[in-house]
Amino acid sequence: MPDQTSQTEIITESQTLWHTDRSPSGCNHCQRVFLLPPSHDGTNCPLCRRGTLEAQPVRTRPADPERLLPFNISKQDLSTAYEQFTSGVWIKPEDFSAEHLLRRSVPVFWPLWLVDCNIRGNWEMEAGFDYQIESSKDYYEGGEWRSRKQIEDRIRWEPRVGVLETRVDNTTAPALEENDNRMKMTGKYQLNQAIPFNPDYLGGAYLELPDLNPEEAWPLARPRVDQTAARMCANAAGAQHHRNFTIQARYDNLNWTEFFLPMYATYYTDDEGAPQIVITNGMTGTVQGPRLASRKRGMRIAGILAAVAGAIFLLALFGLLIALILPPAGLIAGLLGLLGVFIGICAIIPAVWPGQWNRKQEGPRITNPEGERR
Amino acid sequence: MQNNLHPSWTPPQDFIQVESQVTGVVVYAPRPESAEQDQARSYACPNCGANIAYDVAAGGVACEYCGYSAPVQAKQVGKSAENFEFTLEAIAQSSQGWGVQRQILHCDSCGGDISIPDGTLTATCPFCASHQVNVVASVEETLRPRFLVPFKITPQQTRSLAGEWLGKGWYHPKELSANTVLQRLTGVYLPFWTFNTRVRARWRAQVGYERTSRQYNARTKRWETRTKIVWRWEDGHVRLNIEDHLVSGSANRHISHQILNRLLPFHLNALVAYEPDYLAGWQAQAYETTLTEAWEIGKRAIREQAKKACHRDIPTSHVRNFSMSADFTDEAWRYILMPVYLAAYQFEDQIYQVMLNGQTGVVAGQKPVAWLKVWLVIAALLAPGVFLGLIGLPLLMVGGIGVISIGLSIILFVVGVIISFMLYNQARQSEAK
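Rules used in this analysis
Residues numbered from 1 in each chain as written. Chains lettered and ligands numbered in written order. Predicted model: local features only at pLDDT ≥ 70, side-chain atom pairs only at ≥ 80, totals over all residues. Heavy atoms only, no water. Helix = DSSP H or I, 4+ residues; strand = E, 2+ residues; numbered from the N terminus. Buried < 20%, exposed > 50% of the residue type's maximum accessible area, 1.4 Å probe, protein only. Areas by Shrake-Rupley, 256 points an atom, 1.4 Å probe, with all protein chains shown as cover. Pairing = 2+ DSSP bridges. Axes fitted to C-alpha atoms, helices over the stretch in contact; angles between N-to-C directions. Salt bridge = Lys/Arg side-chain N within 4 Å of Asp/Glu carboxyl O. Expected span 1.5 Å × (residues − 1). Contact = heavy atoms within 4.5 Å. Bend = angle between axes of the 7 residues up to and from the residue. Phe/Tyr/Trp six-rings, centres within 6.5 Å; stacked < 30°, edge-to-face > 60°. Lys NZ or Arg CZ within 6 Å of the ring centre and 35° of its normal. Parallel < 35°, antiparallel > 145°, perpendicular 65-115°, else oblique. Nonpolar A, V, L, I, M, F, W, Y, C, P; charged D, E, K, R; others polar. Buried area = accessible area lost by both parts, 1.4 Å probe. Polar contact = N/O pair within 3.5 Å; in protein donor to acceptor, adjacent residues only side chain to side chain.

**Student:** Would you mind going over the overall build of chain A with me for this structure?
**Tutor:** Along its length, chain A carries six helices and 13 strands. Going through the 374 residues of chain A one by one, you find that 49% of them count as buried. Accessible surface for chain A amounts to roughly 18,100 Å². Of this, 53% is attributable to carbon and sulfur atoms.

Here you go:
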């Protein structure tokens, strides 16, 4: 384990951080910690909607974060995105509407680590060099040959070894335990559009604090540092591609800083009243979250259809009785009976469909730190 | 850049440091195999300092004065010799030709500078008579000969082989003496390109099938058998795997391709990795026909093979509106040197070329023709037909015997014409360049 030069301290609930007027508050349900805009204490946690945020001390780095990606998506864009998100679900819970999602959406910045380090060691790889070859396709028609040249792109792989002593800056590393899941929910960000951290860009957004400290994040960061080193070595060799990169190196002078990414968090409640968290990438507008159908409403519709089917069936039986006196009524009774059976069968669909639909909603969801899926 | 970044680490053997495009990163790459071989080399005997050359019988460089001999340490690679792809770089570099017009070769033996012409791979120093071998003038490493077939036929054997060849054929002048040629047979390594490719050919044509039927002819009042051709559009595909298709790298104006083709085949199983020792004391030429020109020549022959294969794929001989496409894939080439003895001799103010395959001993070339002999033989071949015809004409007055005589004379005349034509062609080819 390389030496960690980053220093963490305990910041009390009354202290403000990073030249902002914000102090730490934590969720009493999911244990996530945020820096809230003033007077937001006591509000619901935007990422679990089960607990409230209360002022608490936190162990974190007092040094300012390094970079953030500003929000790119406006409320109007959100409205369209939520309309699209909620459409296509046949029997929705009553609470699952674009209007509700929009009204409850909260801007949140969530953290990544940026790690800088010195790397010194020896490496080997297969370096891939682009080249083009000429091929041809010839045609014979009317006693004459014609030739058409074709250019193909290929990669030539060659072994390369070497030594490396350099500094790798701004390698991103997870700062949250649920980083991978969060990244799946938000989709990719264009990290090259990041700007230096400035409290003015925070606005009313919640600032989520890391729950992985640098020591815990290093094993996750190191493969990324190695990837950067691999790219450097490939560039040094003049190669356009690389594979099977291995490195034996020492990493030192590590410097950790935070990098914040924008997202919107909102929710709707399902049949049982449980909040279902919906996340929107604050840069691209990608919306992700469970799109659940309502079983209760499905059963209600099924019940109504079954009642209608029963009534028609009774009417058909009555028609059969009349048919004993007036035989042509038997035909109508038969048709009514068939209609009743048809509607009765149709009643099964709304009863069964929500369950089937919900089972398919297996995409990534917001989890609490213990991994419980909501 | 020295490897002082990580002093305890050493690169694997046969890796050399190469240029790095990033500060702080040192890069090592495998050493190019050919770098050492391609250095210009001088040949002088380590014992007596005399001139040494490759000796076919000894299979190595040898000194004819003190008896020094050293075998050539070359790996026989045969048909597994490395092939190269048609990269755009190789094509562009090949089309630039073999470097500058004349190059200066420094003689290690006497220190003199020798000017050698474009395309010449070997030279003899005019100051100390030592043999020089040089292939470094090529612009691209891969466009230097990487493989060659060594000479197997000794200069002494060439005399008997060429003499035997010259003695063949009755229609050559008696005055043609074997000695005139034998004195001048010179061993030369000639450049060749070999090509490998896979061809997927798709054809489409109207294919005719014969349908035979019996029909009654009301006019002749007979049953007749009629054959009708039913045409149908059909298509198909064939695959060809072409290996080691050989194309000469010499320009036709210098070396007759017609004669060169008659020397084929060379057995590529005997290919060895290029070693300059093989060229010591022998002449060697670099390519004049560029890679793309040679490939065009090769491709023309290969696609005709593909066309024939498509025709073989068609079940009948009745074909019309034939069209096809030939898709070439995995094209690869080699640039190799082949052993050939060359001679040019003068006979009655005409220059004739003779070549001898330095691997197999096959001889081919131009031989002057005694046309008087040829015309006499042709006259003799036609005479029986003419003579019998002349006898047959008056006999026609007599009756049937005249008809038989005329018929026989026509047959004899036709046979005579055919044999005469073949003989004439053979004689023409013997003289052809």
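From this point, things continue past the structure.
**Student:** What is the right way to read the sheet that holds strand β5 (residues 60–63) of chain B from this model?
**Tutor:** Sheet strands associate in pairs through backbone hydrogen bonding, adopting either a parallel or an antiparallel arrangement. Residues and elements named next belong to chain B. Here three strands make up an open sheet; going across it, the order is β4-β5-β6 and the pairing antiparallel. Every interior strand has two partners, whereas the edge strands, β4 (52–55) and β6 (69–71), have only one. If you compare each strand with its neighbour and ignore which way they point, the axes differ by 25° on average. Summarising the sheet, β5 and β6 pair through three bridges and their orientation is antiparallel.

**Student:** What am I meant to see in the pattern of salt bridges here?
**Tutor:** A side chain of one charge can pair with a side chain of the opposite charge when the charged atoms of the two come close. The tally for this structure, following the rule as stated, stands at 24 salt bridges over all chains. Note that aspartate 252 of chain A is salt-bridged to arginine 250 of chain A, the shortest N-O span being 3.0 Å. Of the charged contacts in the structure, one is a salt bridge between arginine 334 of chain B and aspartate 244 of chain B, with a shortest N-O distance of 2.9 Å. Here arginine 334 of chain B, found in strand β17 (residues 318–347), pairs with aspartate 244 of chain B, found in strand β14 (residues 222–248); they are 90 residues apart in sequence, far enough to count as distant. On the basis of relative accessibility, which here comes to 0%, the residue arginine 334 of chain B falls in the buried class. Taking the relative accessible area as the measure of exposure, aspartate 244 of chain B reaches 12% and is therefore buried. One salt-bridge network, held together by shared partners, links Glu152 and Arg154 of chain A together with Glu85, Arg198 and Asp330 of chain B.

**Student:** Where do I start with the environment of aspartate 180 of chain A in this structure?
**Tutor:** Mapped onto the fold, aspartate 180 of chain A is located in helix α3 (residues 179–186). For the pair formed by aspartate 180 of chain A and proline 364 of chain A, sequence separation is 184 residues and the distance between their alpha carbons is 9.6 Å.

**Student:** Sorry, what's going on with helix α7 (residues 400–431) of chain B here?
**Tutor:** Helical periodicity: at 3.6 residues per turn, an α-helix aligns residues three or four positions apart in one direction. Residue and element names in this part refer to chain B. The end-to-end C-alpha distance of α7, which contains 32 residues, comes to 47 Å, matching closely the 46 Å that a straight helix rising 1.5 Å per residue would cover. Within α7 the residues assigned to the buried category are Gly402, Ser405, Ser409, Gly416, Ser420, Leu423, Ala427 and Ser430. Those residues of α7 that are buried are in contact with β19 (363–365) and α6 (371–398).

**Student:** Looking at this structure, I do not really get helix α4 (residues 214–236) of chain A. What am I missing?
**Tutor:** The largest bend in α4 of chain A comes to about 45°, at leucine 220 of chain A, with the proline proline 223 of chain A one to four residues further on. Two residues or fewer past α4 of chain A, glycine 238 of chain A is found with a positive phi of approximately 75°.

**Student:** Help me understand the packing of aromatic side chains in this model?
**Tutor:** Two aromatic rings are characterised by how far apart their centres lie and by the angle between their planes. Summed over the entire model, instances satisfying the criterion amount to 37 aromatic pairs over all chains. Here the aromatic rings of tryptophan 282 of chain B and tyrosine 341 of chain B are separated by 6.1 Å at their centres, their planes lie at 65°, and the arrangement is edge-to-face. Here tryptophan 282 of chain B, found in the loop between β15 (272–273) and β16 (283–284), pairs with tyrosine 341 of chain B, found in strand β17; they are 59 residues apart in sequence, far enough to count as distant. By relative accessible area, tyrosine 341 of chain B is classed as buried at 1%. With 5.7 Å between their ring centres and 50° between their planes, tryptophan 371 of chain B and tyrosine 424 of chain B make a pair best called tilted. On the criterion of sequence distance, the pair formed by tryptophan 371 of chain B in helix α6 and tyrosine 424 of chain B in helix α7 is long-range, its members being 53 residues apart. What makes tyrosine 424 of chain B partly exposed here is its relative accessible area of 28%. Counting every residue linked through ring pairs, the aromatic cluster contains Phe84, Trp193, Tyr287, Trp333 and Tyr335 of chain B. Across the ring face of tyrosine 267 of chain A, the terminal group of arginine 104 of chain A is positioned such that the distance to the ring centre comes to 4.7 Å. Above the plane of the ring of tryptophan 231 of chain B lies arginine 320 of chain B, whose end atom (NZ or CZ) is 4.0 Å from the centre.

**Student:** How do you make sense of the packing of α6 of chain B against α7 of chain B when you look at a structure like this?
**Tutor:** A pair of packed helices can be characterised by two numbers: the angle between their axes and the separation between those axes. All names here are of chain B. Running from amino to carboxyl end, α6 crosses α7 at an angle of 170°, the nearest separation of the two axes being 7 Å. What the angle tells us is that α6 and α7 run roughly antiparallel. Here the contact of α6 with α7 is composed, by residue class, of 26 nonpolar, nine polar and two charged.

**Student:** Help me out: how do you make sense of the interface of chain B and chain A in this one?
**Tutor:** Interfaces are often sized by the accessible area lost when the parts come together. The interface of chain B with chain A comprises 39 residues on the first partner and 33 residues on the second. Between chain B and chain A, the buried area comes to about 3,100 Å², and carbon and sulfur atoms account for 56% of it. The interface formed by chain B and chain A holds four salt bridges in total. The partner of arginine 154 of chain A in a salt bridge is aspartate 330 of chain B, and the shortest N-O contact between them spans 3.9 Å. Taken together, chain B and chain A are joined by 19 residue pairs in polar contact (both at pLDDT 80 or more). Broken down by secondary-structure element, the contributors of at least two residues to the side of chain B that touches chain A are β2 (25–30), α1 (88–95), α5 (291–313) and β17 of chain B. Broken down by element, the residue count for the side of chain B that touches chain A peaks at 10 residues, all from β17 of chain B. Tallied by class, the residues present in the side of chain B that touches chain A amount to 20 nonpolar, nine polar and 10 charged. Relative to β17 of chain B, strand β7 (residues 106–141) of chain A runs antiparallel, the two being bridged by four bridges.

Nothing here speaks to function; it is all geometry.
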